[in-house]
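# A structural walkthrough
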Amino acid sequence: MDAVRVTMLRELLADTPWIARTRGFAGTLRDVARPGGLLLVGTEAEEPWHLAAHLADEAAFADLPGLSPVLVRHRVPPDAPPHLSVSLARLEAARRGETVFVVAPEAAGEGLLERVHDARRVGATVLALEAADPELRGLAHEALTVAPDPGAPSFELVQHLVSAATGDPASPRRTGGGLRGRLARLLDQLTAPPPPLGW
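To start, this report covers the structure provided alongside it.

The rules behind these values
Residues numbered from 1 in each chain as written. Predicted model: local features only at pLDDT ≥ 70, side-chain atom pairs only at ≥ 80, totals over all residues. Heavy atoms only, no water. Helix = DSSP H or I, 4+ residues; strand = E, 2+ residues; numbered from the N terminus. Buried < 20%, exposed > 50% of the residue type's maximum accessible area, 1.4 Å probe, protein only. Polar contact = N/O pair within 3.5 Å; in protein donor to acceptor, adjacent residues only side chain to side chain. Expected span 1.5 Å × (residues − 1). Pairing = 2+ DSSP bridges. Core = buried A, V, L, I, M, F, W, Y, C linked by side-chain atoms within 4.5 Å. Contact = heavy atoms within 4.5 Å.

Attention shifts here to the side chain of Glu 130. The residue Glu 130 is located in strand E4 (residues 125-130) in this model. With relative accessibility at 0%, the residue Glu 130 sits in the buried group. Engagement of the side chain of Glu 130 in a polar contact is seen with the side chain of Arg 137, the distance being 3.0 Å.

Written as structure tokens, this is what we have:
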């Protein structure tokens, strides 16, 4: 989707809470992403190819290399090029300072949830763009929920709005996340193992 269409969609949604919600979420993503440490993963049924491509474009356009994601795949074909050969084992190697961004238009699935939980436990930040998956939402430090609703934009459209907003410095940083978010971050800091020497 090109910039003109995204601008038109923003104008159409200007009187709804969706622009502020997607900008807030994008601001958080931009704030936590580090070069090589943004792990983008979808569900077993649907990989977030378009979002990965748009985030890479925004990273290049805005000179924010941290936004260029590592696409993590459930199944890697044997002939896949290196940049498309990152398996779920990469989530198992996630560490403090990295971000696991889960995009789930349907239930994330038990295997993915376990890996995300483990990544969070060792100090990775977890963000989720999800369609009413309470288990995934409960694991995420911050989640943007696109519930199936006739009045809500489509899941695909919200992905476009988020990716377009990541390169926009006007997108606000989410600093609070409410009491629950602050408590979750404090709990993560208190229970995470210390980083290895030399980090």
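Attention now goes to helix H2 (residues 18-32). For H2, which comprises 15 residues, the first-to-last C-alpha distance of 21 Å matches the rise-based estimate of 21 Å (1.5 Å per residue) to within 8%. Among the residues of H2, those classed as buried are Trp 18, Ile 19, Thr 22, Gly 24, Phe 25, Ala 26, Gly 27, Thr 28, Leu 29 and Val 32.

Within strand E3 (residues 99-104), six of the six residues are buried, leaving the element largely enclosed by the surrounding structure. Because side chains alternate across E3, one face comprises the buried residues Thr 99, Phe 101 and Val 103, and the other comprises Val 100, Val 102 and Ala 104, equally buried. As judged from the four bridges shared by strand E1 (residues 38-41) and E3, these two strands associate in the parallel manner. Bridge assignment links Leu 38 to a residue of E3, and that residue is Thr 99.

Time to look at helix H7 (residues 155-166). Helix length check: H7, at twelve residues, gives a terminal C-alpha distance of 17 Å against a target of 16 Å (1.5 Å per residue), a fit within 8%. By the criterion of burial, H7 is predominantly enclosed, with eleven of the twelve residues buried.

What follows covers the nonpolar core. Core analysis: the biggest nonpolar cluster contains 27 residues, and Leu 29, Leu 40, Phe 101, Val 103, Leu 129, Leu 144 and Val 158 have the highest contact counts within it. Secondary structure elements with two or more residues in this core: H2, E1, helix H3 (49-61), E3, E4 and H7. In terms of residues, this core owes the most to one element, H2, which gives five residues. Excluding residues within four positions of it along the chain, Phe 101 makes contact with Phe 25, Leu 29, Leu 38, Leu 39, Leu 40, Val 41, Leu 51, Leu 55, Leu 127, Ala 128 and Leu 129.

Its place among the elements puts Ala 140 in the loop between helix H6 (134-139) and strand E5 (142-145). Separated by 15 residues in sequence, Ala 140 and Thr 125 place their C-alpha atoms 7.8 Å apart.

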